[in-house]
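In case you want the letters, here they are:
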Amino acid sequence: MRDITRFAVLASGSGSNLQAIIDAIEQEKFPARIVAVLSNKADAFALERAKKHNVPAFFINPKEFKSPQEYDQKVLEKLKEAGADYLVLAGYMRIISSVLVNAFPNRIVNIHPALLPSFGGKGMYGHHVHEAVIAHGCKVAGCTVHFVTEGVDEGPIIAQACVPVQEDDTPETLAKRVLEQEHKIYPQAIRWIAEGKVTVDGRRVRVG
Ligand code: GRF
């Protein structure tokens, strides 16, 4: 392992988690570098955030590929060029194929806006998650940082944070409260990985 752990980020949207990670690396000076940001959306604001911090940013157009596997081969090529050790999914709205999962075993991390294993899996993304949490009458909600395996939202859990669900919450107000926690635990988990503190033992992740 190199002294500095090299992270590549895949993002499809606003990239506020990407920003939180960039800021934490800059401010806390832990041994991590973001070596590339890749997106499947040409207009993802995450790409602008990357450029602003002199991080190479790439749009890879899904329409130019015949299958998710071919698309991920192209992503993999870029990741190798960038010399990425780890892959960080930050609001990436595509399912990762076995091409990437096999190339980065226990080296892909994701953040999910719910307390897994509840409210995860296919179709559970963005506002769908918060709507489901409110509809179910949950009293707490939260977010989960986990390693990515082939099962959607099923990989070993690295970190979680909880927030209360208020009686007058809408999916938007709840999402905002959860996002504030995401911005804390995602950089924290990246820091633990960069510092070599994270080991995976079956389903369990040990830190320290
Ligand atoms: C977050 O809510 C995250 O949990 C989910 O997608 C959203 C991304 O937000 N996976 P941002 O692009 O980081 O602002």
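Preceding block: the structure.
Residues numbered from 1 in each chain as written. Predicted model: local features only at pLDDT ≥ 70, side-chain atom pairs only at ≥ 80, totals over all residues. Heavy atoms only, no water.

Below, the discussion takes up the state of the cysteines. Taken as a whole and assessed by the stated rule, the structure comprises 0 disulfides. Cys-143 takes part in no disulfide bond, and the closest cysteine sulfur, belonging to Cys-162, lies 8.5 Å away. Judged by relative accessible area, which is 52%, Cys-162 ranks as exposed. (Disulfide = S-S within 2.5 Å. Buried < 20%, exposed > 50% of the residue type's maximum accessible area, 1.4 Å probe, protein only.)

Counting buried positions along strand β5 (residues 108–112) yields 5 of 5 residues, so the element is predominantly enclosed. Of the two faces of β5, the one carrying Ile-108, Asn-110 and His-112 and the one carrying Val-109 and Ile-111 are both buried. When strand β4 (residues 86–89) meets β5, the two strands line up parallel, connected through 3 bridges. Residue pairing for β5: Val-88 is matched across the bridge by Val-109. As a crossover connection, the stretch from β4 through helix α4 (residues 98–103) into β5 is right-handed. Pairing of β5 with strand β6 (residues 140–147), which is carried by 4 bridges, proceeds in the antiparallel orientation. Bridging from a neighbouring strand, His-112 pairs with Thr-144 of β6. (Helix = DSSP H or I, 4+ residues; strand = E, 2+ residues; numbered from the N terminus. Pairing = 2+ DSSP bridges. Right-handed = clockwise from strand over helix to strand, strands pointing away.)

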